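Below are the chains, spelled out letter by letter.
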Amino acid sequence: MSRQPPTMAAGGELVRRYQGIRRHSLALAEGLSAEDCQLQSMPEASPVKWHLAHTSWFFETFILLRLPTPLAAFNPAYAVLFNSYYVGIGPRHARPQRGLLSRPSLEQVLAYREHVDRHLSELLADNQLGADALALVELGLNHEQQHQELLLTDLKHHFSCNPLLPAWRPSGPDPAMPEHNRHAPRRLPLPGGLVEVGHTGAGFCYDNETPRHRVWLEPFALASRNVTNVEYLEFMLDGGYQRPELWLSDGWDAVCEGGWQAPLYWQHGDEGWQVFTLHGPMAMEPAATLSHVSFYEADAFARWAGARLPTEAEWEHAATRSTEVEGLHDEVWQWCNSAYLPYPGFRPAAGAVGEYNGKFMINQMVLRGGSLATPPGHSRPSYRNFFPPWARWQFSGIRLAWDA
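How each quantity is defined
Residues numbered from 1 in each chain as written. Predicted model: local features only at pLDDT ≥ 70, side-chain atom pairs only at ≥ 80, totals over all residues. Heavy atoms only, no water. 1 Å grid on protein atoms, 1.4 Å probe; cavity = no way out; pocket = protein on both sides within 12 Å on 5 of 7 lines; lining within 4 Å. Points joined across faces, edges and corners; volume = space filled by probe spheres on them. Helix = DSSP H or I, 4+ residues; strand = E, 2+ residues; numbered from the N terminus. Nonpolar A, V, L, I, M, F, W, Y, C, P; charged D, E, K, R; others polar. UniProt positions renumbered as here; feature names shortened; annotations may be inferred. Pairing = 2+ DSSP bridges. Axes fitted to C-alpha atoms, helices over the stretch in contact; angles between N-to-C directions. Phe/Tyr/Trp six-rings, centres within 6.5 Å; stacked < 30°, edge-to-face > 60°. Buried < 20%, exposed > 50% of the residue type's maximum accessible area, 1.4 Å probe, protein only.

*Asks:* If you had to explain the layout of surface pockets to someone new, which residues and values would you point to?
*Replies:* Taken as a whole, the largest pocket encloses approximately 800 Å³ of empty space. Tyr85, Arg95, Leu150, Phe386 and Phe387 are, among the 34 residues lining the largest pocket, the residues nearest its centre. Elements represented by at least two residues in the lining of the largest pocket include exactly helix 2 (48–62), helix 5 (131–160) and strand 10 (385–387). Ranked by residue count, the leading element in the lining of the largest pocket is helix 5, at six residues. Partitioning the lining of the largest pocket into residue classes produces 13 nonpolar, 14 polar and seven charged. The volume enclosed by the second largest pocket comes to roughly 350 Å³. Lining the second largest pocket are 18 residues, with Pro263, Leu264, Tyr265, Trp266 and Gln267 positioned closest to its centre. Contributing elements (two or more residues each) for the lining of the second largest pocket: helix 5, strand 5 (266–269) and strand 6 (272–277). Per element, the largest residue contribution to the lining of the second largest pocket is three residues, and it comes from strand 6. Here the lining of the second largest pocket is composed, by residue class, of 10 nonpolar, seven polar and one charged.

Structure representation (structure tokens):
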């Protein structure tokens with residue numbers, strides 16, 4: 001949860017922002033059938049319907065049900081069905097079984113959202129929420145934006161498991177096919193020294209971005225752009241997936257157990273490489289930014305290329321001082337060679353919202369930046385995304401670094 005004050009006072013402006021973010025979630029689901037919204041292709045991915053319900057559960061549980069005169073729960077059973085991992089709140093439906101929740105129906109979930117939106121919009125418009133509740137609204141809006149990105153990444157995986165390879169949209173901008181990179185990457189030298197990292201300013205941040213602290217960096221260089229498909233294809237053609245000396249031990253185990261031969265969603269056929277996108281299968285574009293690789297694959301590629309992955313402190317330092325680095329916040333999340341751990345002096349927030357980030361600081365690696373699936377304005381230089389090192393279904397790519 002943010003330790004900063006909310007970015008704006010309650011009233012018309014906040015109501016518009018609240019309603020705009022909530023409408024965007026529905027817009028992402030527009031055109032999907034109830035069957036589409038029910039899919040769960042793997043334990044780590046959730047159905048669209050669950051995302052729509054869980055984000056409403058957050059506002060109801062942490063705000064509407066904790067008013068001085070609490071509202072009645074829309075449906076008491078939802079407290080269990082749509083709790084994600086908040087042990088302090090109570091029991092939870094098992095994550096791998098979210099796709100079994102055919103009831104409540106999609107129509108009932110949409111009615112739940114309407115209920116929450118109507119009451120919370122009234123409270124915001126009438127300035128009836130105190131500072132603590134407004135901070136929770138801000139957290140809830142950022143939480144919803146996280147789920148908007150997850151909705152797309154999860155839906156893409158769901159659809160990829162269907163032999164018909166359906167499309168989310170028939171055409172339009174696709175987070176899976178970022179802008180082309182037709183120039184050679186440059187090594188941008190950056191000085192070392194004692195630098196400060198972590199959130200600064202009065203705007204929103206998650207607690208894992210604090211406290212701001214000092215880190216010593218040796219001089220290093222960072223690639224001016226992310227790795228492209230054709231550059232990764234060279235790694236593959238050079239036997240990258242058959243050379244254990246390039247891989248961390250756990251990574252090589254993942255390659256062998258998963259039969260990995262290419263990034264997720266790549267398929268080779270008579271017409272060459274194709275990539276499954278949110279618009280269905282497309283020809284692999286060599287100059288497009290590489291996406292959907294694990295930390296293990298990113299690390300192996302960096303070794304093959306005679307480079308390494310940046311640390312998160314190096315990445316943030318570059319993001320805040322260099323104007324020559326491209327695609328830091330609008331292409332793919334970039335794996336960092338940093339375990340997801342607390343900053344010195346970190347203390348999780350009190351209560352159940354303290355479970356938001358801190359308890360996941362184990363067995364995860366940090367990603368920095370943002371992707372074309374990230375809602376505009378949601379990311380920032382200090383933002384710390386994190387996933388297990390084997391995860392590939394997010395829009396994750398590679399930014400190379402070198403020692404000076």
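*Asks:* Summarise the UniProt feature "domain: Sulfatase-modifying factor enzyme-like" (unreviewed entry) in the protein chain; cite the residues concerned and give the values.
*Replies:* Annotation from UniProt places "domain: Sulfatase-modifying factor enzyme-like" (unreviewed entry) at residues 185–321. Between the end C-alpha atoms of residues 185–321 the distance is 18 Å, and the span holds 28% helix and 23% strand.

*Asks:* Let's hear about empty space enclosed by the protein: which residues, and what values?
*Replies:* Applying the stated criterion to the full structure yields four cavities of 30 Å³ or more. Size it by volume and the second largest cavity reaches roughly 50 Å³. Taken together, Gln38, Pro47, Lys49, Trp50, Phe82, Arg98 and Leu101 make up the lining of the second largest cavity. Its residues placed into classes, the lining of the second largest cavity shows four nonpolar, one polar and two charged.

*Asks:* Break down the UniProt feature "domain: DinB-like" (unreviewed entry) in the protein chain for me, with residues and values.
*Replies:* In the numbering used here, UniProt assigns the "domain: DinB-like" (unreviewed entry) feature to residues 21–149. Secondary structure content for residues 21–149 is 52% helix and 0% strand, and the end C-alpha separation is 12 Å.

*Asks:* Can you lay out the sheet that holds strand 6 for me, pointing to particular residues and giving the numbers?
*Replies:* Strand order in the open sheet formed by three strands is 5-6-7, and the pairing between neighbours is antiparallel. Strand pairing shows two members of the sheet lacking a second neighbour, strand 5 and strand 7 (280–283), which therefore form its edges. Here the strands of the sheet are splayed against their neighbours by 35° on average, with no regard to which way each runs. Bridging between strand 6 and strand 7 involves four bridges; their strand directions are antiparallel. Bridge pairing in strand 7 places valine 275 opposite methionine 282.

*Asks:* How would you sum up the packing of aromatic side chains? Please name residues and give values.
*Replies:* Taken as a whole, this structure holds 34 aromatic pairs when the rule is applied. With centroids separated by 5.9 Å and ring planes inclined at 70°, the aromatic side chains of phenylalanine 295 and tryptophan 335 adopt a geometry described as edge-to-face. With phenylalanine 295 in helix 8 (residues 295–304) and tryptophan 335 in strand 8 (residues 333–339), the pair connects residues that are 40 residues apart, well separated along the chain. Tryptophan 335 carries the same exposure label as phenylalanine 295, and that label is buried. An aromatic cluster is defined as three or more aromatic residues linked by ring pairs; in this entry it consists of Tyr18, Trp57, Phe58, Phe59, Phe62, Tyr85, Tyr86, Tyr340, Phe360 and Phe386.

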